[in-house]
Structures are given as structure tokens and as C-alpha cells.
Amino acid sequence: MRVVVSIGGSVLAPGLDPERVEGFADALHELSDEGCELGAVVGGGSVARQYIQAARELSANEFQLDELGIGVTRLNARLLIAAMGYGVQRTPATTYEEAGEAVRRGDTTVMGGVTPGQTTDAVAAALAEYVDAELLVFATSADGVYTADPETDDGAEQLSQLTPAELVDIIAPMDRGAGASAPVDLLAAKLIERSGLRTIVLDGTNPEAVVDAVLHGEHTGTDIVPTGDANEPTYWTQR
Ligand code: UTP
């Protein structure tokens, strides 16, 4: 099956830990060996935030800040490409067309950011749309989607399953709140809704969690299941 995996920057390289990057490289190889066609999208993490903060103090405008963030996401993409070594497009794809071509060739493609005004969550959802992925997985630092921001709301509860429309309703107020951290950004949620993308949001601290989720549908995060999509992805039912 065709899968897009979004790996948050703080999950891929907390403190630039090579072991974690290697863990994700191994996880992607394992999925590829099992017959998955893969797109990976990586975030910028704390390094991107440090650059953005420094540039903000230097009065850079929002577009410049986003360009810095994109640069760091592409550095992280290069790190993952280096760790993978083979079976992967050698440079981070900068367009969806380029990424799609690599996937059709049978190579894993790794992307960072694409354009200012969004985050890599939206890149992952757009890539999943572009390549007609059967499954989109967000490996994040949160263990799924909550009813509210768990950082600020003690009553926030983790949801095991919801529809894309419910995801948009939950994310919209979080996305607007200053400093609030939504598990995926609003544009990504809207792309998931319009394309009816089967999606999983899970804790990516352990890269093997992505393998279990993709190969067996087993995880402790949140399933986003399009309305009327009663069937499990064909890959799970074939096994
Ligand atoms: P991230 O996707 O890592 O942003 O991209 P984030 O969600 O804020 O970071 P985490 O997941 O909490 O760690 C880093 C930055 O790069 C820019 C944005 O400024 C974003 O905050 N960016 C990224 C873009 O402008 N466009 C893109 O397509 C991707």
C-alpha cells in the first residue's frame, strides 16, 4: 500500500540524536521491505524554532521566518536520507511532482517544507493527496488527538477515533489560540477532510510504533476514519 509518514522534527531528531534518526530509517526500510510505497515528510523541531526566534529578534518578516523553518526541515530531511542510505531519493524533494515521481519509481521520497504560511503537517497531507496514499500517519510528540489542548486543559481526553470533519472542529479553535499546540495544523485537517484520507496520529517517540500502525493497524493513538469508510485499509485485511 502507498503510505505517507509525517515525522515531527522534535520526534525525528530531539537534540540531533543519531540513534533516533537511525530508528526511523530502519522503520522506513522495514515498511518498504513489506511492500509499502513510501513518502516521508519531516519537520524542523527545536532547531527550526531557535532559528525562527533568533531571526524574529532580528526583525525578520514572517515570510523570512518561514523560509528559515523550511531550510531546517530540509536539513532534517537530508539527515534521514543519509541514515537510510539506499532505496531513497538522494535529495529532499522540493515539489510534489518530484516526490510523486520518486514514489512511482519505487524509491522512498523524503520532503521537508514546501512553501511559506504552513507547516510540514500540511505538506504531508498534500503529498498523501497527490500520490493517492491509502494511509497517512503523523508521528508526533503527542499521543493522538485530544478533545482540547492537554497542556492547558486538565479535562482534555484522548480520542481513539473520529471523523475528518470532527478533526477540523477540534483543531480549528486550537489553531487560533495563541501559543496553543494542535496535534496537526488546520490546513492538514482540511486536506484530510476534503480527500477522505484515512489517517493515524500517534506518539512517534518509538519509530517501531509507526511500523505496527502501518502494517497491522495497531497503535495507541487516534484513528481518523472518513465517514462511510467502514473497511480497513486493504493491506490489513489481506494479511
Ligand atoms: P514544522 O512543520 O516543523 O513546524 O516546520 P511546526 O509544526 O511549527 O513544528 P513542530 O512540529 O511543532 O516541531 C517548521 C517551520 O518551517 C516553516 C514554518 O515556519 C514552520 O513553523 N514551514 C514549514 C513553512 O513555512 N512551510 C512549510 O511547508 C513547512
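Right above here is the structure, for reference.
Residues numbered from 1 in each chain as written. Predicted model: local features only at pLDDT ≥ 70, side-chain atom pairs only at ≥ 80, totals over all residues. Heavy atoms only, no water.

### Comments concerning the sheet that holds strand S8 (residues 199–203)
Rules: For two strands to pair, DSSP has to find at least two bridges joining them. Put simply, DSSP H or I for four residues or longer makes a helix, DSSP E for two residues or longer makes a strand, and each gets a number counted from the N terminus. Should any heavy atoms of two residues lie within 4.5 Å, those residues are counted as being in contact. Lines fitted to C-alpha atoms define the axes here, with helix axes fitted over just the stretch in contact, and angles between the N-to-C directions of these axes take values from 0 to 180 degrees.
The sheet built from seven strands is open, its strands ordered S3-S2-S1-S4-S8-S9-S7 with mixed pairing. With one partner strand each, in any of the chains shown, strand S3 (109–111) and strand S7 (161–162) form the two edges of the open sheet. The pairing of S8 with strand S9 (residues 222–224) spans three bridges and is antiparallel. Bridging across to S9, Val201 finds its partner in Thr222. Where helix H5 (residues 96–105) meets the sheet, it contacts strand S1 (2–7), strand S2 (37–42) and S3, and its direction lies at approximately 155° from that of S3.

### Description of the side chain of Thr120
Note the following rule: Accessible area is worked out with a 1.4 Å probe on protein chains only. A residue is then buried under 20% of its type maximum, exposed over 50%, and partly exposed in between.
The residue Thr120 is located in helix H6 (residues 120–130) in this model. Take Thr120: its relative accessible area is 11%, and that puts it in the buried class. Those residues in contact with Thr120, other than ones at most four positions away along the chain, are Ser6, Val41, Val42, Gly43, Thr73, Gly112 and Gly113.

### Describing the pairing of strand S4 (residues 135–140)
With respect to burial, S4 is a largely interior element, six of its six residues being buried. Along S4, one buried face is formed by Leu135, Val137 and Ala139 and the opposite face, lined by Leu136, Phe138 and Thr140, is buried too. Note: S1 against S4, five bridges, orientation parallel. Of the residues in S4, the one forming a bridge with Ser6 is Phe138. Here five bridges tie S4 to S8, and the two strands are oriented parallel to one another. Residue pairing in the sheet places Leu136 in a bridge with Thr199 of S8.

### A closer look at the environment of Leu68
Within the secondary structure layout, Leu68 lies in helix H4 (residues 62–84). With 16 residues separating them in the primary sequence, Leu68 and Met84 have C-alpha atoms 25 Å apart. Setting aside anything within four residues of it in sequence, one finds Leu68 in contact with Tyr51 and Ala55.

### Considering empty space enclosed by the protein
So the rule is basically this: Grid spacing is 1 Å over the protein atoms alone, the probe is 1.4 Å, and a cavity is where that probe fits but cannot get out, while a pocket is an open set with protein on both sides within 12 Å along at least five of seven lines and lining residues have an atom within 4 Å of a point. Grid points are joined across faces, edges and corners, and a volume is the space filled by probe spheres set on the points.
Throughout the structure, instances matching the rule amount to one cavity of 30 Å³ or more. Considered as a void within the structure, the largest cavity measures approximately 30 Å³ in volume. In terms of lining residues, the largest cavity is bounded by Gly9, Ala13, Leu16, Gly44, Gly45, Ser46, Val47 and Asn76. Looking at the lining of the largest cavity, the element that brings in the most residues is helix H3 (residues 45–57), giving three residues.

Note that all results are geometric; they support no functional claim without further evidence.
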